[in-house]
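A structural walkthrough
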Amino acid sequence: MSDLDQLTQSLARNLKRWRGERGFTLDALAARAGVSRGMIIQIEQARTNPSVGTTVKLADALGVSITTLLDYEQGPQVRIVPGDQAVRMWSTPAGSRTTLLVGTEARGPLELWSWTLMPGDASTSDPHPASTTELLHVTAGELTLVVDGEPHSVPAGASAAFEANVPHAYRNDGTEQVELIMAVSIPPVR
């Protein structure tokens, strides 16, 4: 079984599990996530591999991290994720990429990400649930962080924190590669 097939199967199993644990019907989850009922059925039957955006919307609607949707086994108190088992979420032909390093459900989902953005590349995000916070630290290059339409320059060595309940984007407007580490804290579903 390929990595993509494993990811598709894991997502199917976990989406169905968490939808059941939350007591959401297909229609309720569709409305909450802004994803069609048909798409959710296809995902739960492992007939499609959804976009990162769709996966994020579903995770946000369920109040769990992407890690939880992709990995049912949470393991012991200390969980080590070898570098080769981190989840590559997206990449571009230019070499930009994001990797989900680790996540947890303690007091609401918490995720740790490693990002690389090549010159001219960008990634946009829809608003997350209220009280979602993102922390980031740029280790190389200069990131243009756009929060609710307002650009902010974050050079190497600088960090940023923001509430991610508004549209936001990460851009590399420079000529050198941008590298950053980002943590995302998502409030638990009430």
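Above this text is the structure in question.
Just so you know, these numbers come straight off a predicted model, no measurement behind them.

Procedures and definitions
Residues numbered from 1 in each chain as written. Predicted model: local features only at pLDDT ≥ 70, side-chain atom pairs only at ≥ 80, totals over all residues. Heavy atoms only, no water. Pairing = 2+ DSSP bridges. Helix = DSSP H or I, 4+ residues; strand = E, 2+ residues; numbered from the N terminus. Axes fitted to C-alpha atoms, helices over the stretch in contact; angles between N-to-C directions. Salt bridge = Lys/Arg side-chain N within 4 Å of Asp/Glu carboxyl O. Buried < 20%, exposed > 50% of the residue type's maximum accessible area, 1.4 Å probe, protein only.

Overview of the sheet that holds strand β6 (residues 142–147)
Overall, antiparallel pairing links the 4 strands, which are arranged β4-β9-β6-β7 in an open sheet. Strands with a single pairing partner mark the edges of an open sheet, and in this sheet they are β4 (122–125) and β7 (150–155). The sheet shows a mean angle of 15 degrees between the axes of neighbouring strands, direction not considered. Here β4 runs beside strand β9 (residues 168–171); their pairing, made up of 4 bridges, is antiparallel. Among the inter-strand pairings, Thr124 is bridged to a residue of β9, identified as Ala169.

Some points on the pattern of salt bridges
Evaluated as defined, the whole model comprises 4 salt bridges. Between Glu44 and Arg19 there is a salt bridge, with the nearest N and O atoms lying 2.7 Å from each other. Highlighted residues: Glu44 in helix α3 (residues 37–44) and Arg19 in helix α1 (residues 3–22), separated in sequence by 25 residues. Here Glu44 and Arg19 have matching classes, each one buried. A salt bridge links Asp173 to Arg171; the shortest N-O distance between them is 2.9 Å. When its relative accessible area of 30% is taken as the criterion, Arg171 is described as partly exposed.

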